[in-house]
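Below are the chains, spelled out letter by letter.
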Amino acid sequence: QVQLVESGGGLVQAGGSLTLSCAISGRVFRIRELGWYRQAPGKERELVGRIITDGRKEYADSVKSRFTISRDNVKNALNLQMNSLKLEDTAVYYCKVNSMSPYAGLWWGQGTQVTVSS
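For clarity, every value in this text was computed on a predicted model and none was experimentally measured. (Residues numbered from 1 in each chain as written. Predicted model: local features only at pLDDT ≥ 70, side-chain atom pairs only at ≥ 80, totals over all residues. Heavy atoms only, no water.)

Engineer: Would you mind showing me how to read the overall build of the protein here?
Structural biologist: What the protein contains, in helices and strands, is 0 helices and 11 strands. Over its C-alpha atoms the protein spans a radius of gyration of 14 Å, differing by no more than 12% from the 13 Å that the globule rule assigns to 118 residues. Oriented by its inertia axes, the alpha-carbon framework of the protein measures out at about 45 × 30 × 25 Å. Of all 118 residues assigned to the protein, the portion counted as buried reaches 42%. In the protein, the proportion of contacts linking residues at least 24 apart, taken out of those at least 6 apart, comes to 54%. (Helix = DSSP H or I, 4+ residues; strand = E, 2+ residues; numbered from the N terminus. Rg over C-alpha atoms; globule rule 2.2 N^0.38 Å. Buried < 20%, exposed > 50% of the residue type's maximum accessible area, 1.4 Å probe, protein only. Contact = heavy atoms within 4.5 Å.)

Structure below.
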C-alpha cells in the first residue's frame, strides 16, 4: 500500500521561504510522475511542479525561478523548496505519485496548508 504524507506547510510572510516534504511509503514501480499540486479556495487543483519519467522537471509558469522540486532517494521523499513566496501562493499543497502499467496507480497525499501573509 502506497501512502503519501506531506509536511512543512505553515504561515509565512510574503517574500519568505518554505520547504515542503512528501514522505512516500510503500513500493512504486514504473513511476510516471512525482508531483506537487495546489488548490486555492474556490479554484481548481493545479500543477506546481513535477518530475516526470525521464527525469525532467516541469513547473507552472507562476512559480518558475522561485520553486524547486527535488527527489530524495535516501529518504524516499519528494521536496518542494519555495522561495520569494507571494500572497497568491496561498493554497493547500498536495503530493502526487503516478505510475505506469503494468503497475498503474495514482496516489495523493492529504495536503498541507501554505498561507502567505502580507
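Engineer: Would you take a moment to explain the layout of surface pockets for this structure?
Structural biologist: Unoccupied space between atoms shows up once a probe the size of one water molecule is rolled over them. Empty space within the largest pocket amounts to approximately 150 Å³. Every residue along the wall of the largest pocket is listed here: Arg-38, Gln-39, Ala-40, Lys-43, Glu-44, Glu-46, Glu-88, Thr-90 and Ala-91. (1 Å grid on protein atoms, 1.4 Å probe; cavity = no way out; pocket = protein on both sides within 12 Å on 5 of 7 lines; lining within 4 Å. Points joined across faces, edges and corners; volume = space filled by probe spheres on them.)

Engineer: Help me understand the side chain of Asn-98, please; the structure alone is not making it clear to me.
Structural biologist: Inspection of the secondary structure puts Asn-98 in strand 9 (residues 91-99). Classification of Asn-98 as buried rests on a relative accessible area of 17%.

Engineer: Even after reading the chapter, I still don't get the state of the cysteines, so can you show me in this structure?
Structural biologist: Two cysteines form a disulfide when their sulfur atoms are joined by a covalent bond. Tallying each qualifying case throughout the model produces 1 disulfide. Two residues, Cys-22 and Cys-95, share a disulfide whose sulfurs are 2.2 Å apart. The sign of the S-S torsion, about -80 degrees, decides the handedness of the disulfide formed by Cys-22 and Cys-95: left-handed. Placement of the pair is Cys-22 in strand 3 (residues 18-25) and Cys-95 in strand 9, with a sequence separation of 73 residues. Side by side, Cys-22 and Cys-95 carry an identical accessibility label, which is buried. (Disulfide = S-S within 2.5 Å.)

Engineer: Sorry, what's going on with the environment of Leu-85 here?
Structural biologist: Within the fold, Leu-85 resides in the loop between strand 8 (77-82) and strand 9. On the accessibility criterion, Leu-85 (2% relative accessible area) is buried. Taking the C-alpha atoms as reference points, Leu-85 and Arg-56, 29 residues apart in sequence, are found 24 Å from one another.

Engineer: Just checking my understanding: could you explain the pattern of salt bridges for this structure?
Structural biologist: Pairing of side chains with opposite charge becomes possible as their charged atoms draw close. In the structure shown here, the tally under the stated rule is 9 salt bridges. Put simply, Glu-46 and Arg-38 hold a salt bridge, and the shortest N to O gap is 2.8 Å. Asp-89 is the salt-bridge partner of Arg-66, the closest N and O atoms lying 2.8 Å from each other. In this pair, Arg-66 sits in the loop between strand 6 (57-59) and strand 7 (67-72) while Asp-89 sits in the loop between strand 8 and strand 9, placing the two residues 23 residues apart along the sequence. Across this residue pair, the class does not change: Arg-66 and Asp-89 are buried. Salt bridges here are not isolated pairs; linked through shared partners, they connect Glu-33, Arg-50, Asp-54, Arg-56, Glu-58 and Lys-96. (Salt bridge = Lys/Arg side-chain N within 4 Å of Asp/Glu carboxyl O.)

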